[in-house]
Amino acid sequence: MKVLLLSAYNAPSHHRWCNGLIRYFSHWEWCVLALPARYFSWRMRGNSLTWGFSDDERLRDQYDLVIATSMVDVSALKGFRPNLATCPWLVYFHENQFDYPDSQHQKGLLEIQLTSIYTALATDKIAFNSPYNQTTFLRGAQALLNQMPDGVPTHVLDAIKEKSAVLPVPLEDTLWKPLSTELNTAEKSEGENRLAKNSDAVTVVWNHRWEYDKSPDRLLNFVNALAKCSDRPAVRFHIIGQQFRKVPPVFDTLHQRLGELGWLGRWGFIEDVHEYRSLLAHSDAVLSTALHDFQGLSVLEACALGCSPLLPDRLAYPYFVGAEHLYPSFIETPQREAEEAVSVFLNRCLSGFRKKSESSERMKAWSWAELGQQYQCVIESLVKG
């Protein structure tokens, strides 16, 4: 089978998903076209122009299937490339534009949201990475259409729902292969004395993008609430994850606070994948304070490597982990949420965080070995249909 794979905003999670597809279906003939993950508004509105009028011969070819991320403006691209309009399309929603926390940086949101509705209508099959993503997309799209003054067709959302399915981004099977027991030399040299002093500390990983929607201010609240507890264990925090040109100022405060408490472990993005996964494998818990996560790949990866999850009972998390791993959400009262999270954390410390094999085994349900067949069934049904 000859497949065209389009990724219009090739962020790390999208790139990872693309690579996983190609590896799992390595017997297919793949053509991959990806645009860099920058200039978000232009990418979202301009990808159909970029590809629609490109001189790339591959866009004039014939394919058995087109797989695209939801960033692709499918309705416009089909108009510009009639040869692509005649084959079946599968669009994958890693996220949707209806459920991001409010931000002053959002521009042209209405147009982007409408385009995502057009894309969903113009494709043959839709896959969401979680039920939460699917639900918030449908609810947000309906709310938007309800605001329009006239000319909105009835049953638009029913048509989208009927052709949608839930297919999480699978975790690589290599996560369950043995890792080196030695931590990277750079890590040892950076914090050798601190690590030696805290060898019995409970190590907590916070491994998200350093952006406002991951709520680093709630992470600071958690640290401060934990510091007030007299019965707390020795702890160490690894604050790692992708960073961008503008980092929320709260990270400076957080760095200073962890240093004052003697809780500072690794700080900053770890570029080497083996070193990153080795750190996860040597850690006890993975913490999220996010206000936005449609699946939470970084959290699931940490769990697959043995970290015990400590997550809010919102977003996509309840679908992927059991209730015992969740703490109560209080969106409007962050301080109360921090106190509740600390309470759950301390109880979990008493019962033992270091049941690595149990956490890792549970995550196998989200591996390529387990989910790959579901992908195959959806794709084969689409192509045959």
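Refer to the preceding data block for the structure.
Residues numbered from 1 in each chain as written. Predicted model: local features only at pLDDT ≥ 70, side-chain atom pairs only at ≥ 80, totals over all residues. Heavy atoms only, no water.

**Student:** Would you explain the sheet that holds strand E6 (residues 164–166) in this entry?
**Tutor:** Strand pairing in a sheet relies on backbone hydrogen bonds. The paired strands run either parallel or antiparallel. If you walk across this open sheet you meet the 6 strands as E2-E1-E3-E4-E5-E6, and the pairing is parallel. Unpaired on one side and paired on the other, strand E2 (29–34) and E6 mark the two borders of the sheet. For this sheet, the mean angle separating the axes of adjacent strands, direction not counted, is 20 degrees. Bridge analysis of strand E1 (residues 2–7) against E2 gives 6 bridges, and the strand direction is parallel. Following the sheet pairing, valine 3 is matched in E2 by tryptophan 30. Contacts from helix H6 (residues 131–147) reach strand E4 (89–93), strand E5 (125–128) and E6, with the element oriented near 145 degrees to E6. (Pairing = 2+ DSSP bridges. Helix = DSSP H or I, 4+ residues; strand = E, 2+ residues; numbered from the N terminus. Axes fitted to C-alpha atoms, helices over the stretch in contact; angles between N-to-C directions. Contact = heavy atoms within 4.5 Å.)

**Student:** How should the side chain of threonine 69 be read in this particular structure?
**Tutor:** The residue threonine 69 is located in strand E3 (residues 65–69) in this model. For threonine 69, a relative accessible area of 0% translates into the label buried. Filtering out sequence-adjacent residues up to four positions away, threonine 69 remains in contact with Leu6, Ser7, Ala8, His14, Trp17, Val91, Tyr92 and His94. (Buried < 20%, exposed > 50% of the residue type's maximum accessible area, 1.4 Å probe, protein only.)

**Student:** Sorry if this is basic, but what is going on with the nonpolar core here?
**Tutor:** Soluble, globular proteins show a tendency: their nonpolar side chains are buried together. Within the largest apolar cluster, 50 residues are counted, with the highest numbers of intra-cluster contacts made by Trp17, Leu21, Trp30, Ile67 and Tyr375. Only E1, helix H1 (12–24), E3, E4, helix H11 (273–281), helix H12 (297–304), helix H13 (317–320) and helix H16 (368–384) provide two or more residues apiece to this core. Among residues more than four places away in sequence, those in contact with tyrosine 375 are Trp17, Leu21, Phe25, Tyr92, Leu167, Pro168, Val169, Pro170 and Trp368. Grouped together as the second largest cluster of nonpolar side chains are 38 residues, Ala11, Val66, Ala141 and Ile160 included. (Core = buried A, V, L, I, M, F, W, Y, C linked by side-chain atoms within 4.5 Å.)

**Student:** Help me out: how do you make sense of the pattern of salt bridges in this one?
**Tutor:** Close approach of charged atoms lets side chains of opposite charge pair. Applying the stated criterion across every chain, the model contains 17 salt bridges. Ionic pairing is found between arginine 45 and aspartate 73, a salt bridge with its closest N-O pair at 3.5 Å. With arginine 45 in helix H2 (residues 40–52) and aspartate 73 in the loop between E3 and helix H3 (74–80), this residue pair connects regions lying 28 residues apart in the sequence. Exposure remark for arginine 45: the relative accessible area of 38% places this residue in the partly exposed category. Look at aspartate 73 and you get buried, because its relative accessible area is 5%. Across the salt bridge formed by glutamate 337 and arginine 314, the nearest N and O atoms sit 2.7 Å from each other. Here glutamate 337, found in helix H14 (residues 334–351), pairs with arginine 314, found in the loop between strand E11 (308–312) and H13; they are 23 residues apart in sequence, far enough to count as distant. Connected via shared salt-bridge partners are Arg16, Glu172, Arg277 and Glu301. (Salt bridge = Lys/Arg side-chain N within 4 Å of Asp/Glu carboxyl O.)

**Student:** What am I meant to see in the side chain of serine 70 here?
**Tutor:** With respect to the helices and strands, serine 70 occurs in the loop between E3 and H3. For serine 70, the contacting residues outside a window of four places in its chain are Val91, Tyr92, Phe93, His94, Glu95 and Thr119.

**Student:** What's the story with the packing of aromatic side chains in this structure? I'm lost.
**Tutor:** The geometry of two aromatic rings is summed up by the distance between their centres and the angle between their planes. Summed over all chains, the structure comprises 24 aromatic pairs. Taken together, a centroid distance of 4.5 Å and an interplanar angle of 25 degrees make the contact between tryptophan 17 and tyrosine 92 stacked. Highlighted residues: tryptophan 17 in helix H1 and tyrosine 92 in strand E4, separated in sequence by 75 residues. A relative accessible area of 1% means that tryptophan 17 is categorised as buried. Assessed through its relative accessible area of 1%, tyrosine 92 is described here as buried. (Phe/Tyr/Trp six-rings, centres within 6.5 Å; stacked < 30°, edge-to-face > 60°.)

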